[in-house]
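Chain by chain, the residues run as shown.
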Amino acid sequence: MPCPLCGHEKTYKHGKTSKGSQRYRCLNCKQTFTSTFDTIYYRRQVSFEEVRIVLQSHCEGTSLRGISRISGLSYNTRVSLIRAASQKAQLVHNGEV
Ligand SMILES: [Zn+2]
């Protein structure tokens, strides 16, 4: 897979993380990353469904406290998820405009 940090094509497998997912190392920038680096699931222990609920209710204008009642996730988790998602969206926007 190409390097998410510098875009270099050549990356090598570089052991496993403590969670057992594959870790890669970039030949060009010498940094390591895992296959979920490019997603908001990177280094998170929330499920796809939980993320979907949080983001969807955020988009519908539900307050953070309201999301808490729906998802059962902690306040900090939700704030950080929403923040990560909006950063991600900003990157996609910048990359394509
Ligand atoms: Zn790189």
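Below is a short write-up of the structure. Residues take numbers from 1 onward in each chain, read along the sequence in its written order. Restriction of local features to residues with pLDDT of at least 70 applies here, the model being predicted, together with a cutoff of 80 or more for giving and counting side-chain atom pairs; totals for whole chains, interfaces and linings are based on all residues. Each side-chain value is derived from all of the structure's non-hydrogen atoms; neither hydrogens nor water enter the calculation.

**Description of the overall build of the protein chain**
Working definition: helices are DSSP H or I runs of at least four residues, strands are E runs of at least two. Numbering for both runs from the N terminus. When helices and strands are tallied, the protein chain shows 3 helices and 3 strands. Written out in order from the N terminus, the α and β elements of the protein chain read β-β-β-α-α-α. Taking 97 residues into account, the globule formula puts the C-alpha radius of gyration at 13 Å, and the protein chain, at 16 Å, lies well above it. Principal axes of the C-alpha set define a box for the protein chain whose edges measure 45 × 35 × 15 Å. With the radius of gyration taken over C-alpha atoms, the globule rule is written as 2.2 Å times the number of residues to the power 0.38.

**Digging into the nonpolar core**
Core analysis: the largest hydrophobic core is formed by 7 residues, namely Val46, Val51, Val54, Ile67, Leu73, Leu81 and Ile82. Among the elements of the structure, α1 (48-59) and α3 (75-96) are those that each provide at least two residues to this core. Buried Ala, Val, Leu, Ile, Met, Phe, Trp, Tyr and Cys residues that are joined via side-chain atoms within 4.5 Å together make up what is termed a nonpolar core. Residue exposure (1.4 Å probe, protein chains only): buried if accessible area is under 20% of the type maximum, exposed if over 50%, otherwise partly exposed.

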